[in-house]
Amino acid sequence: MSKIDKFSGLHRDSKVSRNIEVSVSKKRSQDNTHQFKVRMEKNLEYFRRYHPEVYKILASIDLKNVELVVTPGAYDVDMVAFGKSCYRGLAREYSLDEAAGVLRDNPESKLIRTFAPPDANRYEKKNFVNKLLQEVVLSSPVMQRRFTGYIRGNFFPSMVFLGTGLGYHIDWLSRKVQIVNGIVIEREPEKFAVSLYTTDWAGICSRFAKRGRSLTFAIGKAESLQEIRALVSRSMTKDVPFYPFFSTYYNHLADVEIVRGVLETAKDLSVVSANWIDYDNEMVRLKNSLHNFSKDGQFIARAPDRELEKPIVVVGSGPSIDKRIDDLKAIRDKVTVISAGTGLRALLAADVIPDFQLELDPGNLVYLFHSGTDRELLKKVTLLAVNEVNPKVPELFKEVIYFLKFDNALPHLLGCESNAFNGCNPTVTNAALSIGYSLGAKEVYLFGTDYGFESEERDHADHSIYGKKSEAGVSQRMRSADAKKATARKVFETESVTGGTILTRSDYFVAKRSVEDLVFWLESGGRPFSVYNCADGARIEGVEWLSSSQLKEKFQAITINENKLALDRELVGTLLEDFSAGWLADKVPAVVRELERVSEFFGRLVRSARLDGRKDLCLLVNEIRQYFAEIRPVGGKPVTKELVYVHQLLSGSAKHFLFVGLCHGMACEDHELKDFLKTWRANFQEFWRDIPGHFERVVMSDLPLDQDPWANRTLFNADPEFEGAMPLEELQAQDEL
């Protein structure tokens, strides 16, 4: 039996081994192809053991369009893709010349001009983590001048290889220069499969296996711009901030489309830190969950095998809901209406009672918003709330049904992750789409999901909490606060649903992108699922926009049938699971112990690390980043349910420390770097030292709901333990204004 036959479960009829073997064997004798086969075996075995996600792609690939060409007696080889030669028989020579050119074009003195470091305003919240971060930023000399770029030095913080080809260029460059964070993107998996014969991928990966280094693979079939962006975003979000802040791009074989997709994704990921949920936010969510789970209740479980005949409408609070509310009224009896977050008031003002009000936000602001709404109307609505919702909110509604998010560690801690919903973050629209899909919806229509505005003075529906016709005290404060934040955000143009342009902001744009990615993922799920946009705002890529006349025409064919399965209270009732008081509280002591252990590990790592320059900084940051990019054993201990939760608890704030330290450190001049790193290290160590005590004091408190200051917090308020924080009595009095 040959070595190919023996290899790791890949049989003679394996698509990878058979197709590549045939293309090689036709061109050269069996003796001369032996080395190619040995290299392929070694590479496949390596990916099987250390990169199973890549191996899965290779093991199922069907080579139809790409082949390796080996000419008898020739020193070099070629690759033919889609009937065309890629290298004209000189793959190695071409690749090494090209790689040498990349080094010449990127000398040590060349600055990396991407996105500026975060400023102090980013960390103005009054809690002890943001206080430490703000001190670091204020100590940075970079804040005293205009940002001109990051100083690289004699290494590459991040190198993005756009296209693998036969891999010679990646092998050569990774030998010649030190790369801390390497990223390999290939949108034609067949090319990557063929490179297994020519390139020692196991050897390349071993260079990035050293402490503080990393190599990310983004391999997948991607033809359209949307598919390229989804591939890159899915694979490289965890590489922030190395990508895109410190990335040097190497475009192999001049693939224009992949460059376009990667650079567009870079703009999205440059603001991904805005969605890192910090420790303070996590504490609010945990305290709310403890209160919500302190009494018996129910949560809804997933039901993947159902098919709902009745369409679902999800309503946000974008300005276009005001002019399209009549469209919604015309189809009201034929759909299930889910009001998403602040979209509720716009509906109630138009005499539309939704079937469900969906809440994702944990802040006390949600309670203040709803407490100013007609209580009689609220008692007609069923609340569908994440377990983290402010515990005073459920009391306002007819009833509450909780749901759990799979992308939250709490269900894992509780042992019920199989009943949690995936893809709910970061917006309430995402949550509505995810839940609707998981419960069997086939069609979803979006109203008020504008993600843009024609005028900066009117970026929400009139009756929403930010709208001009909402006169509650909290609404006035929110408009004022939002206007202040909006002036700090850059307003820019994006494509509108009608083909022109519309204004948007970074937070809206990121939210739009998240919905686009979720819809793309859901519609690829293997069963009928379609999303339609009925909001007159920014174009949601991949989602068909319907004008009023198009919507009317579409629904004329839909008849009311009482026997049609719909997402109603009766159906939901068949999917409920019970939970009991103490469900979560019993798990807290073990979490405290795990938090103490993990904090000691990272505190010691930061304290003992060498920090004599930029490379040391990159290596330390990248080492810690990898612990929070995916859940890894810490300190030699196995991954437990408690570690999964502690990872979530710390991840956002830890990433912010890495983000601030890396961006400002790499922008410092040589003579400035030492003092800045001293401040950054000291504050990072203080974070690890103080976090366990803070957590234990907060979560082990037995204060009832009406006395717990954490349950009364909005974005206006400080951490209750923050120096100068407002006493509970004043906090409650302010909220009543």
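Note that the coordinates shown come from a computational prediction; the quantities given were computed from them, not determined experimentally.

Caption draft 1: Molecular detail of helix α14 (residues 321-331). Within the sequence span of α14, burial applies to Ile321, Arg324, Ile325, Asp327, Leu328 and Ile331. Residues of α14 that are buried in the fold lie against β9 (312-315), β10 (336-340), α15 (344-349), β14 (443-447), β18 (544-545) and α22 (548-556).

Caption draft 2: A look at the side chain of serine 270. Assignment of secondary structure puts serine 270 in the loop between α12 (256-269) and α13 (279-292). Judged by its relative accessible area of 10%, serine 270 falls in the buried class. In this structure, serine 270 is in contact with Phe115, Pro244 and Phe245, ignoring residues within four places of it in sequence.

Caption draft 3: Spatial organisation of the packing of α14 against α22. Relative orientation of the contacting elements α14 and α22 amounts to 5 degrees, with a least axis distance of 10 Å. One finds that α14 runs roughly parallel with respect to α22. On α22, the residues that touch Arg324, Asp327 and Ile331 of α14 are Ser548, Leu551 and Phe555. Looking at the contact of α14 with α22, its residues break down into 3 nonpolar, 1 polar and 2 charged.

Caption draft 4: Region of the structure containing empty space enclosed by the protein. Under the defined criterion, the tally for this structure stands at 4 cavities of 30 Å³ or more. Of the volumes computed, that of the largest cavity is approximately 60 Å³. Top element by residues in the lining of the largest cavity is helix α26 (residues 641-667). It accounts for 4 residues. Class assignment for the residues of the lining of the largest cavity results in 8 nonpolar, 1 polar and 1 charged.

Caption draft 5: How the structure looks around the sheet that holds strand β3 (residues 84-85). The strand order β1-β2-β3 describes an open sheet built from 3 strands, whose pairing is antiparallel. If you trace the sheet from one side to the other, it starts and ends with β1 (66-70) and β3, each paired once. As paired elements, β1 and strand β2 (residues 77-81) share 5 bridges and run antiparallel to each other. Directly across from valine 66, in β2, lies its bridge partner alanine 81.

Caption draft 6: Geometry of the layout of surface pockets. Within this model, the second largest pocket holds a volume of roughly 780 Å³. Taken together, 32 residues form the lining of the second largest pocket, with His51, Leu215, Gln626, Glu630 and Arg632 sitting closest to its centre. The set of elements that each furnish at least two residues to the lining of the second largest pocket consists of α3 (30-50), α4 (52-59), α9 (201-207), β6 (214-219), α10 (225-236) and α25 (614-629). Sorting elements by how many residues they give to the lining of the second largest pocket places β6 first, with 6 residues. Taken together, the residues of the lining of the second largest pocket break down into 14 nonpolar, 7 polar and 11 charged.

Caption draft 7: Representation of the nonpolar core in the model. In terms of nonpolar packing, the biggest core is built from 111 residues, with Ile185, Phe602, Trp680 and Phe695 touching the most fellow members. Residue contributions to this core peak at 15 residues, all from α26. Setting aside chain neighbours within four positions, we find isoleucine 185 in contact with Val160, Phe161, Leu162, Gly163, Thr164, Ala218, Val232, Met236, Ile258 and Val262. Counting 44 residues, the second largest nonpolar core, distinct from the first, contains Val54, Val102, Leu173 and Val194.

Caption draft 8: Region of the structure containing the environment of glycine 542. When you line up the elements, glycine 542 lands in the loop between β17 (530-533) and β18. On the basis of relative accessibility, which here comes to 43%, the residue glycine 542 falls in the partly exposed class. C-alpha separation for the pair glycine 542 and glutamate 523, spaced 19 residues apart in sequence, amounts to 9.7 Å.

Caption draft 9: Representation of the packing of helix α6 (residues 128-139) against helix α27 (residues 670-699). The N-to-C vectors of α6 and α27 enclose an angle of 180 degrees; their axes lie 9 Å apart at closest approach. Compared by their axis directions, α6 and α27 come out roughly antiparallel. Contact with α6, carried on its side by Phe128, Val129, Leu132, Glu135, Val136 and Ser139, involves Phe676, Thr679, Trp680, Asn683, Glu686, Phe687, Asp690, Ile691 and His694 of α27 and no other residues of that element. Taken together, the residues that form the contact of α6 with α27 break down as 8 nonpolar, 4 polar and 3 charged.

Caption draft 10: Quick peek at the confidence of the model for the chain. When pLDDT is averaged along the chain, the result is 87; 88% of the residues meet or exceed 70. Contacts for the low-pLDDT stretch residues 1-13, under 50 throughout, to residues beyond four places or in other chains number 27 contacts. Note that pLDDT drops below 50 for residues 25-31; the model gives that stretch 12 contacts with residues more than four away or on any other chain.

Caption draft 11: Fine view of the environment of serine 233. Mapped onto the elements of the fold, serine 233 is located in helix α10. The spatial distance from the C-alpha of serine 233 to the C-alpha of valine 262 is 8.6 Å, given a sequence separation of 29 residues. Once residues lying within four places of it in the same chain are set aside, the contact partners of serine 233 are Thr265, Leu269 and Asp517.

Caption draft 12: A look at the sheet that holds strand β7 (residues 247-251). With respect to topology, 4 strands assemble into an open sheet ordered β6-β5-β4-β7, the strand pairing being parallel. The sheet is open, and its two edges are formed by β6 and β7, each paired on a single side. Along the sheet, successive strands turn relative to each other by an average axial angle of 15 degrees, direction set aside. Of the strand pairs in this sheet, strand β5 (residues 179-186) and β6 are connected by 6 bridges, and their pairing is parallel. Each bridged residue has a counterpart across the sheet, and for glutamate 186 the counterpart in β6 is isoleucine 219.

Cut-offs used in this document
Residues numbered from 1 in each chain as written. Predicted model: local features only at pLDDT ≥ 70, side-chain atom pairs only at ≥ 80, totals over all residues. Heavy atoms only, no water. Buried < 20%, exposed > 50% of the residue type's maximum accessible area, 1.4 Å probe, protein only. Helix = DSSP H or I, 4+ residues; strand = E, 2+ residues; numbered from the N terminus. Contact = heavy atoms within 4.5 Å. Axes fitted to C-alpha atoms, helices over the stretch in contact; angles between N-to-C directions. Parallel < 35°, antiparallel > 145°, perpendicular 65-115°, else oblique. Nonpolar A, V, L, I, M, F, W, Y, C, P; charged D, E, K, R; others polar. 1 Å grid on protein atoms, 1.4 Å probe; cavity = no way out; pocket = protein on both sides within 12 Å on 5 of 7 lines; lining within 4 Å. Points joined across faces, edges and corners; volume = space filled by probe spheres on them. Pairing = 2+ DSSP bridges. Core = buried A, V, L, I, M, F, W, Y, C linked by side-chain atoms within 4.5 Å. pLDDT = per-residue confidence, 0-100.

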